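The primary structure of each chain is shown beneath.
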Amino acid sequence: MNLLRIRIHHLIEQLSDEELESVWHDIHALHCDFYMLDAIQQVKRSQQPWDILTQEEAIRMLMFV
């Protein structure tokens with residue numbers, strides 16, 4: 001793990017400020033995508049056939065998660 005950290009820090013130091021900002025936005029977008037994918041998978045595992053939400057209820061629930 002330590003070697004990986006050193007390599008990541010070395011790569012980050014080689015980026016310009018513009019490249020670093022661009023990479024940050026991409027990583028943040030991926031993080032959000034994986035967060036939502038994980039939430040969707042959790043719901044699929046726990047969902048029962050009688051569990052039904054309206055679109056408004058689902059949107060409201062996503063806003064508070």
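What counts and what doesn't
- Residues numbered from 1 in each chain as written.
- Predicted model: local features only at pLDDT ≥ 70, side-chain atom pairs only at ≥ 80, totals over all residues.
- Heavy atoms only, no water.
- Helix = DSSP H or I, 4+ residues; strand = E, 2+ residues; numbered from the N terminus.
- Buried < 20%, exposed > 50% of the residue type's maximum accessible area, 1.4 Å probe, protein only.
- Areas by Shrake-Rupley, 256 points an atom, 1.4 Å probe, with all protein chains shown as cover.
- Lys, Arg positive; Asp, Glu negative; His and termini not counted.
- Charge placed at Lys NZ, Arg CZ, Asp CG, Glu CD.
- 1 Å grid on protein atoms, 1.4 Å probe; cavity = no way out; pocket = protein on both sides within 12 Å on 5 of 7 lines; lining within 4 Å.
- Points joined across faces, edges and corners; volume = space filled by probe spheres on them.
- Nonpolar A, V, L, I, M, F, W, Y, C, P; charged D, E, K, R; others polar.
- pLDDT = per-residue confidence, 0-100.
- Expected span 1.5 Å × (residues − 1).
- Patch = residues over 30% accessible without salt bridge, like charges linked within 9 Å, V, L, I, M, F, W, Y side chains within 5 Å.
- Salt bridge = Lys/Arg side-chain N within 4 Å of Asp/Glu carboxyl O.

(A) Broad picture of the overall build of the protein chain. Scanning the protein chain from N- to C-terminus turns up three helices and zero strands. Secondary structure of the protein chain in N-to-C order comes out as α-α-α. For the C-alpha atoms alone, the extent of the protein chain along its principal axes is close to 55 × 25 × 15 Å. Taken across its 65 residues, the protein chain has 0% of its residues classed as buried. Of the roughly 6700 Å² that the protein chain leaves accessible, carbon and sulfur atoms contribute 63%. Put simply, the protein chain has 5 plus and 11 minus side-chain charges, and the middle of one group is 12 Å from the middle of the other.

(B) Inspection of the layout of surface pockets at higher detail. Considered as a void within the structure, the largest pocket measures approximately 470 Å³ in volume. V43, L53, A58, M61 and L62 are the residues nearest the centre of the largest pocket, which is lined by 13 residues in total. Looking at the lining of the largest pocket element by element, the count peaks at five residues for helix α2 (residues 17-46). The class makeup of the residues in the lining of the largest pocket is 11 nonpolar, one polar and one charged.

(C) Spotlight on the confidence of the model for the protein chain. For the protein chain, the average pLDDT comes to 89, and 95% of its residues sit at 70 or higher. Mean pLDDT across the elements of the protein chain ranges from a minimum in helix α3 (residues 55-63), with 86, to a maximum in helix α1 (residues 2-14), with 93.

(D) How the structure looks around the environment of Q14. Its location among the elements puts Q14 in helix α1. Since its relative accessible area comes to 52%, Q14 is described here as exposed. Along the chain, Q14 and I27 lie 13 residues apart, while their C-alpha atoms are 17 Å from each other.

(E) Focus on α1. Here α1 contains 13 residues, and its C-alpha end-to-end distance of 19 Å stays within 8% of the 18 Å for a straight helix at 1.5 Å per residue. Counting buried residues along α1, only zero of its 13 residues qualify, which leaves the element largely exposed.

(F) Broad picture of a negative patch on the surface. A contiguous patch of negative charge, built from D17, E18, E19 and E21, is present on the exposed surface. Structurally, the position occupied by D17 is in helix α2. Taking the relative accessible area as the measure of exposure, D17 reaches 63% and is therefore exposed.

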